[in-house]
Protein chains: 2
Amino acid sequence: MMAKKPAELAKAIRTPLTVDDGIDFPMIELFFFAYRDFTSDPDQLLAAYGFGRAHHRVVHFVNRIPGLTVAELLDVLKITKQSLARVLKQLIETGYVVQIQGLRDRRQRELYPTDKGRDLALALAAPQSRRIANALTRLDTQDRETVETFLRSMVDPDLRVQIEQLPGGAGNVQDRAIAEPEATR
Amino acid sequence: MMAKKPAELAKAIRTPLTVDDGIDFPMIELFFFAYRDFTSDPDQLLAAYGFGRAHHRVVHFVNRIPGLTVAELLDVLKITKQSLARVLKQLIETGYVVQIQGLRDRRQRELYPTDKGRDLALALAAPQSRRIANALTRLDTQDRETVETFLRSMVDPDLRVQIEQLPGGAGNVQDRAIAEPEATR
DNA sequence: AATTTATGTCAACAAGGCTGACATAAATTT
DNA sequence: AAATTTATGTCAGCCTTGTTGACATAAATT
């Protein structure tokens, strides 16, 4: 009996889980590895600035939706006020983001990027966009829509409104397919 | 000059970044939101077990590649020994994973799931697999290959070997398309 | 016999999640 | 006008999970 080696107590399963177990493991793993490398692109850049992924997300959405309020940003990021406060404070102090008191509602703080903030957002997005463009070159042109449809369907239905609100409307293939400068401003 | 209000110092940019800036923002954001919700599926389950995402990843790969060594697991997860040690210790103590001394090389510890560990891996993978299956229903059958090709191309080329080694070979569309139980063991 | 390798462990640190409580100013309701 | 609600900020403290560097041990290799 000797309870010393737990390896002897509970028996080891030596066969791998596979698709035969009714789970789409290949797709689960592809998604995992793809996202891991996708996020690794901006990581080196961020480290140079002394920022982390949390800063990245804030800078990104402030540039994509200039003037959004703190509450709106919390809703997009799905984090708590305190978590946001830390990184937002740093971004404001270092001059990447500015707050402007709301006109209609003066309790609100509208968030805007500065020139520095815009440059950073572009620099962070560039390698990710390149990676995507490269991946799409292995596909037919109309396959882009397939990938978009897939990814959009992976998002919780009640959260897809967030996507549709973004300029360029990733939630709206038809709108953006032509890539014409719309009246988004 | 009163340096009190940084909002007044650096000017706010009021126009959003769009695809016109040469960046594929729609795809970047779709990927972000899709992955966010994809990982939220197992999170509730994990919380019930008192585990985190780190435990999830370990349990997953130990079930997919039973008998892999600590060094191999570190290589797949791309984390440090110490980070792995913490969660691995917990998983072993609570009986989800067992270690067996290597036969060829007795320094190595081969990692295997227990029955508990296998059940957990399946329970965690189920909602993710369901989400994927649901997303694929909106596509034609041959579009699955398009999505797989896209995701595989998003992975760093030198890291794609990791995918190809997994049973069911997500890196090998032809092999897995038929979903036949091959001589993978 | 000496060295290298695989693993474990300890101490310490940092980022970025979380909660709960409390403060303030502005808007809204009564 | 007074009371309440809302948007935001802030403080204290906790947890997970990533990091580094140092050191120990046993087994394999040279």
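Use the structure listed above.
By convention here, each chain's residues receive numbers from 1 onward along its written sequence. Starting at A for chains and at 1 for ligands, labels are handed out in the order in which the entities are written. A pLDDT threshold of at least 70 governs which residues receive local features in this predicted model, and a stricter bar of 80 or more applies before side-chain atom pairs are shown or counted, although totals over entire chains, interfaces and linings include all residues. For the side-chain quantities, the full set of heavy atoms in the structure was used; hydrogens and water were omitted.

**As for the pattern of salt bridges**
Line of reasoning, step 1. For this document, the term salt bridge refers to a Lys or Arg side-chain nitrogen within 4 Å of an Asp or Glu carboxyl oxygen. Applying the stated criterion to the full structure yields 22 salt bridges over all chains.
Line of reasoning, step 2. Three or more residues joined by partner-sharing salt bridges are found here, namely Asp24 of chain A together with Arg144, Glu148 and Arg152 of chain B.

**Comments concerning the protein's contact with DNA strand D**
Line of reasoning, step 1. The criterion for a residue being near a molecule or strand is simple. One of its heavy atoms has to lie within 4 Å of it. Near DNA strand D you find 23 residues, and of these Lys81 and Gln82 of chain A together with Arg57, Ser83 and Arg86 of chain B are the closest.
Line of reasoning, step 2. If you look at DNA strand D and keep only atoms within 4 Å of the protein, 53% of those are sugar or phosphate atoms.
Line of reasoning, step 3. Two N or O atoms count as a polar contact when they lie within 3.5 Å, although within protein this holds only if one can serve as hydrogen donor and the other as acceptor, and sequence-adjacent residues are included solely when both atoms are side-chain atoms. Interatomic distance of 3.4 Å between a backbone N/O atom of Ala54 of chain B and a phosphate oxygen of DNA strand D.
Line of reasoning, step 4. The side chain of Arg57 of chain B places a nitrogen or oxygen atom 2.4 Å from a phosphate oxygen of DNA strand D.
Line of reasoning, step 5. By definition, any uninterrupted DSSP run of H or I lasting at least four residues is a helix, any uninterrupted run of E lasting at least two residues is a strand, and each is numbered from the N terminus. Contributions of two or more residues to the surface near DNA strand D are made by α4 (70-77) and α5 (81-93) of chain A together with α3 (53-64) and α5 (81-93) of chain B.
Line of reasoning, step 6. The element that contributes the greatest number of residues to the surface near DNA strand D is α3 of chain B, accounting for four residues.

**Examining the relation of the copies chain A and chain B**
Line of reasoning, step 1. The copies were overlaid by least squares, fitting only the C-alpha atoms of residues that reach a pLDDT of 70 or more in each copy. Rotating chain A by 180 degrees and translating it 0.0 Å along the rotation axis places it on chain B, where the RMSD comes to 0.1 Å. Here the two chains are linked by the operation of a two-fold rotation axis. Looking at the rotation axis and the C-alpha trace of chain A, the residue lying nearest is Val147 of chain A, at 2.9 Å.

**Thoughts on the packing of aromatic side chains**
Line of reasoning, step 1. Aromatic rings from Phe, Tyr and Trp, taking only the six-membered ring of Trp, are treated as a pair when their centres fall within 6.5 Å; an angle between ring planes under 30 degrees marks them as stacked, one over 60 as edge-to-face, and anything in between as tilted. Counted according to the given criterion, the structure contains 20 aromatic pairs over all chains.
Line of reasoning, step 2. Geometrically, the ring pair formed by Phe31 of chain A and Tyr35 of chain B is tilted, given 5.6 Å between the ring centres and 50 degrees between the ring planes. Here Phe31 of chain A, found in helix α2 (residues 25-49), pairs with Tyr35 of chain B, found in helix α2 (residues 25-49), and the two come from separate chains. You'll find Phe31 of chain A and Tyr35 of chain B in the same group, each marked buried.
Line of reasoning, step 3. Seen from their ring centres, Phe51 of chain B and Tyr96 of chain B are 5.4 Å apart, and the 80 degrees between their planes marks the pair as edge-to-face. With a gap of 45 residues between them, Phe51 of chain B in the loop between α2 and α3 and Tyr96 of chain B in the loop between α5 and β2 (97-101) connect regions that are remote in the sequence.
Line of reasoning, step 4. Buried means the residue's accessible area, taken with a 1.4 Å probe over protein chains only, is under 20% of the maximum for its type, while exposed means over 50%, and partly exposed covers the values in between. When its relative accessible area of 12% is taken as the criterion, Phe51 of chain B is described as buried.
Line of reasoning, step 5. One aromatic cluster is present, built from ring pairs that chain together Phe31, Tyr35 and Phe38 of chain A together with Phe31, Tyr35 and Phe38 of chain B.
Line of reasoning, step 6. Definition used: whenever NZ (Lys) or CZ (Arg) falls within 6 Å of the ring centre and also within 35 degrees of the ring normal, the charge is taken to sit over that ring. The ring of Tyr112 of chain A is capped by Arg14 of chain B, whose NZ or CZ atom sits 4.6 Å from the centre of that ring.
Line of reasoning, step 7. A cation over an aromatic ring shows up here: Lys116 of chain B above the ring of Tyr96 of chain B, its NZ or CZ 4.4 Å from the ring centre.

**Observations regarding the sheet that holds strand β1 (residues 68-69) of chain B**
By way of backbone hydrogen bonds, the strands of a sheet pair with one another, either parallel or antiparallel.
Residues and elements named next belong to chain B.
Line of reasoning, step 1. The pairing criterion for strands is at least two bridges between them, as found by DSSP. If you trace the three strands from one edge of the open sheet to the other, you get β1-β3-β2, paired in antiparallel fashion. Of all strands in the sheet, those bounded by a partner on one side alone are β1 and β2.
Line of reasoning, step 2. Here β1 pairs with strand β3 (residues 109-113) via two bridges, running antiparallel. Looking at the pairing, Thr69 lines up with Glu110 of β3.
Line of reasoning, step 3. Strands β2 and β3 of the sheet are contacted by α5, whose axis makes an angle of about 100 degrees with β2. Contact between two residues is taken to exist if any of their heavy atoms lie within 4.5 Å; hydrogens are not considered. In this analysis an axis means a line fitted to C-alpha atoms, helices contributing only their contacting stretch, and an angle means the value between N-to-C directions, from 0 to 180 degrees.

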